[in-house]
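# Topology and contacts: notes
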There are 2 protein chains.
Amino acid sequence: MRDIEGLGLGRSRATGGFWAAKADLVSREMLRHQWEALNDEVPGAERSHAIENFRIAAGESKGGFHGTVFQDSDVAKWIEAASYSLARGPDPELEARVDEAIRLVAAAQRPDGYVDTYFLVAAPDKRWADLAWGHELYCAGHLIEAAVAHHASTGKGSLLGVARRLADCIDAAFGEGPGKIRAACGHPEIELALYRLWRATGEARYRDLASFFVRERGRDPGAFVDKEPLGFDIPKTKAFRADYFVGHAPARDLREAAGHAVRAMYFYSAMADECAETGDRELLDALRELWDSLERRRMYVTGGIGSQAQGERFTVDYDLPPDTAYAETCASVGSAFWASRMTAIDPDGRYADAVERAAYNGALSGVSLDGRKYFYVNPLESDPAVAAARADLEHVMPRRVAWLGCSCCPPNIARFIASFPAYAYGAGGDAAWVHQYVEGEASFELGGSRLSLSVSTDYPWFGEVRLRLGLAAPASFALKLRVPGWCGSFTCSVNGRPLGPAELPVERGYLGIRREWRGGDSVVLSLDMAPRFLRAHDSVAELAGRLAIQRGPLVYCFEEIDAGKGLHELELDPEGPVEAEFDADLMGGSVRIEASGYRVTRERRDGPGSPLYAPYAGDRERRRAVKLVAVPYHQWGNRAPGQEMRVWLRSARPL
Amino acid sequence: MRDIEGLGLGRSRATGGFWAAKADLVSREMLRHQWEALNDEVPGAERSHAIENFRIAAGESKGGFHGTVFQDSDVAKWIEAASYSLARGPDPELEARVDEAIRLVAAAQRPDGYVDTYFLVAAPDKRWADLAWGHELYCAGHLIEAAVAHHASTGKGSLLGVARRLADCIDAAFGEGPGKIRAACGHPEIELALYRLWRATGEARYRDLASFFVRERGRDPGAFVDKEPLGFDIPKTKAFRADYFVGHAPARDLREAAGHAVRAMYFYSAMADECAETGDRELLDALRELWDSLERRRMYVTGGIGSQAQGERFTVDYDLPPDTAYAETCASVGSAFWASRMTAIDPDGRYADAVERAAYNGALSGVSLDGRKYFYVNPLESDPAVAAARADLEHVMPRRVAWLGCSCCPPNIARFIASFPAYAYGAGGDAAWVHQYVEGEASFELGGSRLSLSVSTDYPWFGEVRLRLGLAAPASFALKLRVPGWCGSFTCSVNGRPLGPAELPVERGYLGIRREWRGGDSVVLSLDMAPRFLRAHDSVAELAGRLAIQRGPLVYCFEEIDAGKGLHELELDPEGPVEAEFDADLMGGSVRIEASGYRVTRERRDGPGSPLYAPYAGDRERRRAVKLVAVPYHQWGNRAPGQEMRVWLRSARPL
């Protein structure tokens, strides 16, 4: 029941603007730096050992395993990201590294197809013995995803062969048949990887195995709980109950976005894949309710998800503390995986809105502008001096770092950025869908016609998107352009003629222009980019009386470098003047917003001897009018790392 | 250098009003209930086993030790509280229980004076081997305090003998001499107990041993760190570094209230005792700076202290989150111990203000109005539905419980309440000092005169305090009446004649009336009790833009039972009308405050489908004017346990 088929990177590429620059950053900086990190060549960075683990497993080096039990997946995600990068154009040095990594993986693979360096090196007699925490199938899934990407980008079958043998090994071991292991993996990933492998190879066994894992999860709610991990140290708290593993109920009975945020996103993605294959309405109903739960009650304004550090997980509806937020980079990336799959089975702009929200905010914030430093968590409020002292803020990093002991996020954000153009378009229902506005080229098959689309835009800095259609012969179809949920008004013209109100039907988030199109036709969509003051739902206790600023898809934040220390003393005036200006010198090009507000202070000047509590005196002279400079959230911490930052300020007006 | 000598319970008693009722509650309910709990006779309550531990150690019962390593101290503090209760008047049943407890302690004591049931029963070969975590000297200290109280109240020497033998045992083992252990205990308590024993017995060795422990602490900052506890499970985090034990620096070098809040309060108390003995100015300077640190930068408005659960400890200046607050009952009680000692060496009303703040708010909140249920932590904001899901709120109890696995607080609050009249008065510097306003009787020795003071008041509900002096002959001295820091204005009359402005000199927080007093003289002090709206220092990020209400010494709070769910939606208007009214039917008599404000809500009515983030629209109809009912904080959670509560509401006016 897939209504919209996404265009892969082979048919969608960024050629300029924001995303081409980011893709270049991935090629030039991130992948090089990450390769060095995986090879332990970055001075001062946390040790990875991930490549060395493969060398040891392959018998090419001596020593013990080091790292998390899922260290292999860092290499797999790096290969996947590198493959996307290679799809943009040749890069012999990068390709050689990819080939070397694949050679090592293949060398480590056992004759029966099994490969997982933790279990091969550190726990050789424990294969499939720690499904709750061992991450074997998770690592296998990432290897399979990398293989599909590698094959699609390079045409080489080197890793795809490894992946098929590994999938066959898993298929031989798991399932409902006699002598097979009837169980899923504590961390979902294998499911969506197997769907992807099926689509790449046409081998139905992989689809059936994926479907088995989707159906198996949650059958026995006790399957993952209170299991003794082999290579993990997990506190026995309620943060790690069955829902942490998304194992508390069968897929079709899920209704609330719950548990470990990344696990949840990956599994809901797999559910959406399953739904696309089977057309299962019950599963679609469950997915829609899960989506409502996420989007309406459990997501930060930045697209970050997971409200607490312990269990890196969801808590309860409307519990969205900005300071203790977890909002792991991987979870935002995972939400885009899920949202893009929802677009395919339930065409509605809300899903692409969420891809956009995550991409431009809570995901991109995970990497520094130079591509060499990373956040693991992405809080909406940071005061490093307080965080340094407080146990409940221990997960909050004051600044991005070169690498992490658990480094799942760096290669994940790399593969997400490098593949972003693949999220931009879809074909289906006699329509060409434009979900994301990316300067570049795309080509569609629409019935009998081949449509090429050339997009030119300075999005997200400016709201004008210019599209030019290439068609060999005139063709009738709808061009569906997403009108983002944040957009208050827009205009659109076709071949220079502005469309009137009656010609601008927006249905489920998309403006549909249905006509007979001809080659050379042009469309210009202009989205209003005026900064908007946002408030949160009244049930979000932590944000009562607070405002944030969003402009276009970008959520903004306030930084100490602009406003000085004590950001909690600031009040934002939503009725004051607000200006937005592009500054080419600001962090390589950015739109700075200047808003109006106040700083409320007195004692700070008087030093630490002032009384801690004082009677309200209505003394307005404590409020000093100030201009408040805001910058895009995803760029925070780049100018002066280790300083205060806030997305939500108190409102100077009643809300 | 003790400037003011406190009056013990033998010379100060509550005869009516607030504190006599509380003392009756201790006698009638708390001590009975606690005795049952210590004997594991409270159905459904957490197991204590504390009495049984003594039986086993005494050879009168078989079985293993159960409980925390400091379980003995629950029994000791209970005996101390019971002794204070017995000072009020005969209670044969209670006295029999006290005698039985003392008999068991004595039976468990070894011939050399040692007694500690954890080490006797569970770790017999480990005596003094786990000073960091073993709490042996801490338990000894509580036993000694109990013994001094018991002897003073009953004249019996049964426990005092046990205590002296125990102190002698410690004196033989610890000190700077050859063959002695040169080390302090991970939890201060022995120090102040030994000072107390010295004052009760005149035995200088006890004073010297106390002084040794005060000087020893912090000499080796590594003394307590990373030690493997025998009977404890402590996470290896930075919450448990040297300052947790108040062992990071020698006493005279301490400047910031830091570490585990209870340990800090007990040790600063011991420092004050040492200072009173020695007149050490350096120590006094350190104590004053520590006090500034506590009172001006690290104390909740309720007198609660300790901003975080992990390590039950202080964090950094102005870090006072109302929801994750620890604010352990014991820490508030401990702050009163310290403050009262500061009063003696540095006469200033700020210390008695702090005793009052803690007593009427963050300490009393620890026990239910029926005297049978307890909080361990006392947050300033509670939403049980959120707390149930969040790891960083795991310590927040939704309701008071009958007993706790770690039950240090129940007997601590009992001994504090039962001894509160002892905090009310002081004699010194040719003056009779009235620190606290307690309906009752007190007798002073002032030079050659004996002054009896009869106090009648409905404090803290009403601000009038009527004092009548009893003197055999006229005498010249100053009557020093504390004018609380919260009090904006007051009047005073002597023998019916109002004093004029020139006759009302307030010096360091005390109104001093110096004259020749005669028997029968009467003084009436009237403190203005108008409710006050308080704001916090601008540096307290969590309280920016928020207000609390205080009336007299009582901090108020808002409860769901009055205001409905969603207390974060409320705004308090400090310029609106506010009324306070005594209601005899409200929780056994209380002053209810009705203030003005708003409820800001819309989506709550629209259900969970409303957008999570919406543009600011300046739509004032979201604000609905409401009357806001507040009740004293210490009474919260008594009418409908398990509901929302908040001390600080958002202000409807700029602050």
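For the structure itself, look to the data block above.
Given the structure is predicted, the values throughout are model-derived calculations rather than measurements.

## Some remarks on the overall build of chain A
Summing up its helical and strand segments, chain A has 17 helices and 24 strands in all. In chain A, buried positions account for 64% of the 655 residues. Considering only intrachain contacts with a sequence separation of at least 6, the fraction spanning at least 24 residues in chain A is 71%. Accessible area of chain A: about 21300 Å², with a carbon and sulfur share of 48%. For chain A, the centre of its 79 positive side-chain charges and the centre of its 92 negative side-chain charges are spaced 1 Å apart.

## Quick notes on the packing of helix H7 (residues 158-173) of chain A against helix H9 (residues 204-216) of chain A
A packed helix pair is summarised by two numbers, namely the angle formed by the two axes and the spacing between the axes. Residues and elements named next belong to chain A. Two numbers describe how H7 lies on H9: the axes approach to 11 Å, and their chain directions differ by 50°. Between H7 and H9, the interaxial angle falls into the category oblique. Two packed elements cross with a definite hand, and for H7 against H9 that hand is left-handed. Every residue of H9 that contacts H7 at Arg164, Ala167, Asp168, Ile170 and Asp171 is listed here: Arg205, Tyr206, Leu209 and Phe213. Looking at the contact of H7 with H9 residue by residue, the class counts come to five nonpolar, no polar and four charged.

## Side note on the relation of the copies chain B and chain A
Look at the two chain copies: a rotation about an axis and a shift along it is all it takes to match them. It takes a turn of 180° to lay chain B on chain A, together with a shift of 0.0 Å along the axis; the resulting RMSD is 0.0 Å. What the superposition gives is, in effect, a two-fold axis relating one chain to the other. Looking at the rotation axis and the C-alpha trace of chain B, the residue lying nearest is Asp392 of chain B, at 3.1 Å. Mapped onto chain A, 100% of the interface residues of chain B are again interface residues, and the two copies thus contact each other with one and the same surface.

## Notes on the side chain of Lys480 of chain A
Structurally, Lys480 of chain A is set in strand S9 (residues 475-482). Buried charged residue Lys480 of chain A carries no salt bridge. Nearest counter-charge: Glu507 of chain A, at 4.1 Å.

## A closer look at the packing of aromatic side chains
With the rule as written, the count across this model stands at 80 aromatic pairs over all chains. When the ring of Trp128 of chain B is compared with that of Phe174 of chain B, the centres are 5.0 Å apart and the planes differ by 80°; the resulting orientation is edge-to-face. Here Phe174 of chain B lies in the loop between helix H7 (158-173) and helix H8 (190-201) and Trp128 of chain B lies in the loop between helix H5 (117-122) and helix H6 (136-154), a separation of 46 residues in the sequence. We note that Trp128 of chain B, like Phe174 of chain B, is buried. One aromatic cluster is present, formed by Phe18, Trp19, Tyr360, Phe416, Phe420, Tyr423, Tyr437, Tyr459, Trp461, Phe462 and Phe582 of chain A through successive ring pairs.

Rules used in this analysis
- Each residue is numbered by its place in its chain's sequence as written, counting from 1.
- Going through the entries in the order they are written, you letter the chains from A and number the ligands from 1.
- Local features in a predicted model are, by the rule used here, given only for residues with pLDDT of at least 70; side-chain atom pairs are given and counted only at 80 or more, and totals for whole chains, interfaces and linings are based on all residues.
- Heavy atoms throughout the structure, all of them, feed into the side-chain values; hydrogens and water do not.
- Elements are defined by DSSP. Helices are runs of H or I of four residues or more, strands are runs of E of two residues or more, and each kind is numbered from the N terminus.
- Using a 1.4 Å probe on the protein chains alone, a residue whose accessible area is under 20% of its type maximum counts as buried, one over 50% counts as exposed, and one in between counts as partly exposed.
- Whether two residues touch is decided by their heavy atoms; if any such pair falls within 4.5 Å, the residues are in contact.
- Working definition of accessibility: Shrake-Rupley area with a 1.4 Å probe, residue cover restricted to the visible protein chains.
- Charge counting follows a simple rule: Lys and Arg are positive, Asp and Glu are negative, and His as well as the terminal groups are ignored.
- To locate a charge, take atom NZ for lysine, CZ for arginine, CG for aspartate or CD for glutamate.
- Axis angles are defined between N-to-C directions and span 0 to 180 degrees, where every axis is a line fitted to C-alpha atoms and, for a helix, only to the segment in contact.
- For classification purposes, an angle smaller than 35 degrees is called roughly parallel, one larger than 145 roughly antiparallel, one from 65 to 115 roughly perpendicular, and anything else oblique.
- A clockwise turn of the near helix away from the far one marks a right-handed crossing, whereas an anticlockwise turn of less than a right angle marks a left-handed crossing.
- Each residue is assigned to one class: nonpolar for Ala, Val, Leu, Ile, Met, Phe, Trp, Tyr, Cys and Pro, charged for Asp, Glu, Lys and Arg, and polar for all the others, Gly among them.
- The atoms used to superpose the copies are C-alpha atoms, taken from residues with pLDDT of at least 70 in both, and the fit is least squares.
- Every case where a carboxyl oxygen of Asp or Glu lies within 4 Å of a side-chain nitrogen of Lys or Arg is listed as a salt bridge.
- Ring pairs shown here join Phe, Tyr and Trp side chains whose ring centres sit within 6.5 Å, with only the six-membered ring taken for Trp; geometry is labelled stacked below 30 degrees between planes, edge-to-face above 60, and tilted in between.

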